[in-house]
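# Working through the structure, step by step
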Amino acid sequence: MKTKNMILLGFVVCLALLFFSVKLFLAGTVLLFAWAAYLLIVKKDFTILTMTPSDAVKNPSELDPQTMAAYQLKAYRAGWIVLVIAVGILVLLTVELVK
């Protein structure tokens, strides 16, 4: 299964969790964002940043090293943004659990 499809499936599961409990939804969302941050920061998987088929990189191994490095740097930076969002949701979940 492609990574983008797995993220979409995770999003749908998080929305389904919303019908059961806000706390479960927040926990699922934290896990989803943390996993996406891992892919972007550690793995530097820039292919998940492409949103449309026209943006999609057909075969990343065919890219020249300079272009691949630029895409990986964008993935790294986006990963830190996603990680900050995950931490923010985690704080919100902690506040919900303390109530």
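Residues numbered from 1 in each chain as written. Predicted model: local features only at pLDDT ≥ 70, side-chain atom pairs only at ≥ 80, totals over all residues. Heavy atoms only, no water.

### Focus: the overall build of the chain
- Secondary structure assignment for the chain yields 3 helices and 0 strands.
- Of the regular secondary structure in the chain, the N- to C-terminal order runs α-α-α.
- Viewed in the frame of its principal axes, the chain has a C-alpha envelope of about 50 × 20 × 15 Å.
- When burial is assessed residue by residue, the chain has 22% of its 99 residues classed as buried.
- For the chain, the share of sequence-separated contacts (at least 6 apart) that also reach a separation of at least 24 residues comes to 64%.
- As presented, the chain carries roughly 7,000 Å² of accessible surface, and 72% of it is formed by carbon and sulfur atoms.
- In the chain, 9 positive and 5 negative side-chain charges are present, and the distance between their average locations comes to 7 Å. (Helix = DSSP H or I, 4+ residues; strand = E, 2+ residues; numbered from the N terminus. Buried < 20%, exposed > 50% of the residue type's maximum accessible area, 1.4 Å probe, protein only. Contact = heavy atoms within 4.5 Å. Areas by Shrake-Rupley, 256 points an atom, 1.4 Å probe, with all protein chains shown as cover. Lys, Arg positive; Asp, Glu negative; His and termini not counted. Charge placed at Lys NZ, Arg CZ, Asp CG, Glu CD.)

### Points about the environment of Ala 27
- Tracing the backbone shows Ala 27 in helix α2 (residues 22–41).
- Judged by relative accessible area, Ala 27 falls into the partly exposed class, the value being 29%.

### Focus: the pattern of salt bridges
- Enumeration over the complete set of coordinates arrives at 1 salt bridge.
- When the shortest N-O distance is used, the salt bridge between Lys 99 and Glu 96 registers 3.5 Å. (Salt bridge = Lys/Arg side-chain N within 4 Å of Asp/Glu carboxyl O.)

### A short note on the nonpolar core
- Among the nonpolar cores identified, the biggest contains 9 residues, and these are Ala 36, Ala 37, Leu 39, Leu 40, Ile 41, Phe 46, Ile 48, Ala 75 and Val 82.
- For this core, the secondary structure elements donating two or more residues are α2 and α3 (65–98).
- Tallying contributions element by element places α2 first for this core, with 5 residues.
- When residues no more than four places from it in sequence are discounted, the contact partners of Val 82 are Phe 33, Ala 36, Ala 37 and Leu 40. (Core = buried A, V, L, I, M, F, W, Y, C linked by side-chain atoms within 4.5 Å.)

### Quick word on α3
- Over its 34 residues, α3 runs 49 Å from end to end, which matches the ideal 50 Å to within 8%, given 1.5 Å per residue.
- Every buried residue belonging to α3 is among Ala 75, Gly 79, Val 82, Ala 86, Ile 89 and Leu 93, and all of these are buried.
- Its buried side turned inward, α3 meets α2. (Expected span 1.5 Å × (residues − 1).)

### Focus: a nonpolar patch on the surface
- Judged by side-chain polarity, Leu 8, Phe 11, Val 12, Leu 15, Leu 18 and Val 22 come together as a nonpolar surface patch covering roughly 530 Å² of accessible area.
- The dominant element in the nonpolar patch, judged by the number of residues it contributes, is helix α1 (residues 3–18), at 5 residues.
- Examined against the element boundaries, Leu 8 turns out to sit in helix α1.
- Looking at Leu 8, the relative accessible area reads 52%, which means it is exposed. (Patch = residues over 30% accessible without salt bridge, like charges linked within 9 Å, V, L, I, M, F, W, Y side chains within 5 Å.)

Nothing here speaks to function; it is geometry throughout.
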